[in-house]
Amino acid sequence: MTAETVCLTFDFDAVSPWIHKEDGRNTPTNRSRGLYGAEVGAPNVLEFLADHDLPATWFVPGHTIDSFPDVCERVVDAGHEVAHHGWSHTPPGEYDSEAAERADVERGIESIERLTGSPPAGYRSPSWDYSEHTLNLLLEAGFEYSSSGMARDFEPYFARRDRAPVDSPYDPGEPTDLLEVPISWQRDDYPPLAFSGERGYTPESAVFEDWQSQFDHAPADGVFVLTMHPQVIGRPDRLAKLGAFVEYAQLEGAEFRTVESVAAEYP
Ligand SMILES: [Zn+2]
């Protein structure tokens, strides 16, 4: 059995992951990795999507929109969905206060509104992290879905206000109106394909074989979400391997859709 729905998602981080001053990563060489994403990777991905006539969801930090407006306009002009990925790409758990997190969420919405003319339907947390405030902030801001949670493999579910006190059992809490369209580190290009100084080399073909294996084991009503980054996947050889997966999934009958269009089916 294979999933009937596939969502190709691109976290268009560009330079934003490196701008946080305190961690020592804001260096010219790291910034060049982001520049590759904006100036080479993203155009390559756009060409790939056009060649295969595929829709996609781009989670774009406001920092990327405001730094590289031309390529972001190309994303919109191609008809892809633009969704929220923070303004500064700060992992929510690293904010000093709820107010600081709210300000970054609001600034990211403003950047998207300037780009597309409308607020985003969806959110993906930078680094897939939530603070204790994130869920409420997303509900307050009116997001229809998030694609940051991992409580299921392929089945969208409604995020809960859960709690995990250190001195009593886990409390799953009540579900909210925020739909989570689940993601997985196993379907993300960054851990196996982007050198971070922490991992050894992974044969690249194995990554795409593993994605196909996961697709083969997904239920028909599952939503198969791939998370990719233009600065990682946007190299010609990798896009060729992604193309082989796309063609395989299409032969199996999968439909490629934006996350927003999938989320709209879960009222
Ligand atoms: Zn990101």
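Report on the accompanying structure. The shown structure was predicted, so the numbers you read here are calculated from the model rather than taken from an experiment.

## Focus on the coordination of the zinc ion
No. 1: Bound to the zinc ion on the protein side are D13 (OD), D13 (OD), H85 (NE2) and H89 (NE2), at distances that span 2.1 to 2.5 Å.
No. 2: What the four donor atoms of the zinc ion show is an angle range of 54 to 139° at the metal, which sorts the shape as irregular.
No. 3: If you list the donors of the zinc ion from N- to C-terminus, the spacing comes out as D-x71-H-x3-H.

## Quick word on the environment of V76
No. 1: Counting through the fold element by element, V76 comes out in helix α3 (residues 69–77).
No. 2: The exposure class assigned to V76 is partly exposed, which follows from its relative accessible area of 25%.
No. 3: Linking V76 and G37, residues 39 residues apart in sequence, is a C-alpha distance of 17 Å.
No. 4: Those residues within four positions of V76 in sequence are excluded, and the remaining contacts are V82, L115 and T116.

## Some remarks on empty space enclosed by the protein
No. 1: For the structure shown, the criterion picks out one cavity of 30 Å³ or more.
No. 2: Put simply, the largest cavity is a space of about 50 Å³.
No. 3: The leading source of residues in the lining of the largest cavity is helix α4 (residues 98–116), at three residues.
No. 4: Considered class by class, the residues forming the lining of the largest cavity number five nonpolar, two polar and two charged.

## Considering the layout of surface pockets
No. 1: By volume, the second largest pocket is sized at about 660 Å³.
No. 2: Lining the second largest pocket we find 24 residues, and of these Y130, L135, R160, R161 and D162 sit closest to its centre.
No. 3: Here the lining of the second largest pocket takes four residues from strand β6 (residues 157–160), the largest share from any one element.
No. 4: Looking at the lining of the second largest pocket residue by residue, the class counts come to 12 nonpolar, four polar and eight charged.

## A short note on helix α1 (residues 28–52)
No. 1: For α1, with 25 residues, the first-to-last C-alpha span of 35 Å sits near the 36 Å given by 1.5 Å per residue.
No. 2: At G37, α1 shows its maximal bend, which comes to roughly 40°.
No. 3: Here α1 has its buried residues at N30, G34, G37, A38, G41, A42, P43, V45, L46, F48 and L49.
No. 4: The elements touched by buried residues of α1 are β1 (5–11), β2 (57–60), α3, α8 (230–233) and α9 (236–251).
No. 5: Backbone geometry just after α1 places D53 at a positive phi near 55°.

## So, the environment of D51
No. 1: Looking at the element boundaries, D51 is found in helix α1.
No. 2: Once the C-alpha coordinates of D51 and G243 are considered, the two residues, 192 residues apart in sequence, prove to be 9.8 Å apart.

## Remarks on the nonpolar core
No. 1: Ranked by size, the top nonpolar core spans 45 residues in total, and within it L8, F10, F12, L49, W58, I233 and L242 carry the most contacts.
No. 2: Residue contributions to this core peak at six residues, all from α1.
No. 3: Among residues more than four places away in sequence, those in contact with L8 are L49, L54, A56, T57, L226, M228, V246, F256 and R257.

What counts and what doesn't
Once a new chain begins, its residue numbering starts again from 1 and follows that chain's sequence as written. Totals for whole chains, interfaces and linings use every residue, but because this is a predicted model, local features are given only for residues with pLDDT of at least 70 and side-chain atom pairs only at 80 or more, for both listing and counting. Values reported for side chains reflect all heavy atoms of the structure, with hydrogen atoms and water molecules removed beforehand. Only nitrogen, oxygen and sulfur atoms count as donors, using a 2.8 Å cut-off from the metal that widens to 3.2 Å for Na, K and Ca. Water is left out, so coordination shells may look unfilled. Key to geometry: four donors with every angle between 85 and 135 degrees are tetrahedral; four donors are square planar and six octahedral where opposite donors lie over 155 degrees apart and all remaining angles lie between 65 and 115; all other sites are irregular. In this text, helices come from DSSP runs of H or I with a minimum length of four residues, and strands from runs of E with a minimum of two, each type numbered from the N-terminal end. Burial status follows relative accessibility: with a 1.4 Å probe on protein chains alone, a residue under 20% of its type maximum counts as buried, one over 50% as exposed, and anything between as partly exposed. Any two residues whose heavy atoms approach within 4.5 Å at even a single point are treated as in contact. Grid points spaced at 1 Å over the protein atoms alone were grouped into cavities, where a 1.4 Å probe fits but cannot get out, and pockets, open sets with protein on both sides within 12 Å along at least five of seven lines, with lining residues defined by an atom within 4 Å of a point. Grid points are joined across faces, edges and corners, and a volume is the space filled by probe spheres set on the points. Three classes are used: nonpolar for Ala, Val, Leu, Ile, Met, Phe, Trp, Tyr, Cys and Pro, charged for Asp, Glu, Lys and Arg, and polar for all others, with Gly counted as polar. By this rule, a helix spans an expected 1.5 Å times one less than how many residues it contains. Bending is quantified residue by residue as the angle between axes fitted to the seven-residue window ending at that residue and the seven-residue window starting at it. Here, nonpolar core refers to any group of buried Ala, Val, Leu, Ile, Met, Phe, Trp, Tyr and Cys residues whose side-chain atoms link them within 4.5 Å.

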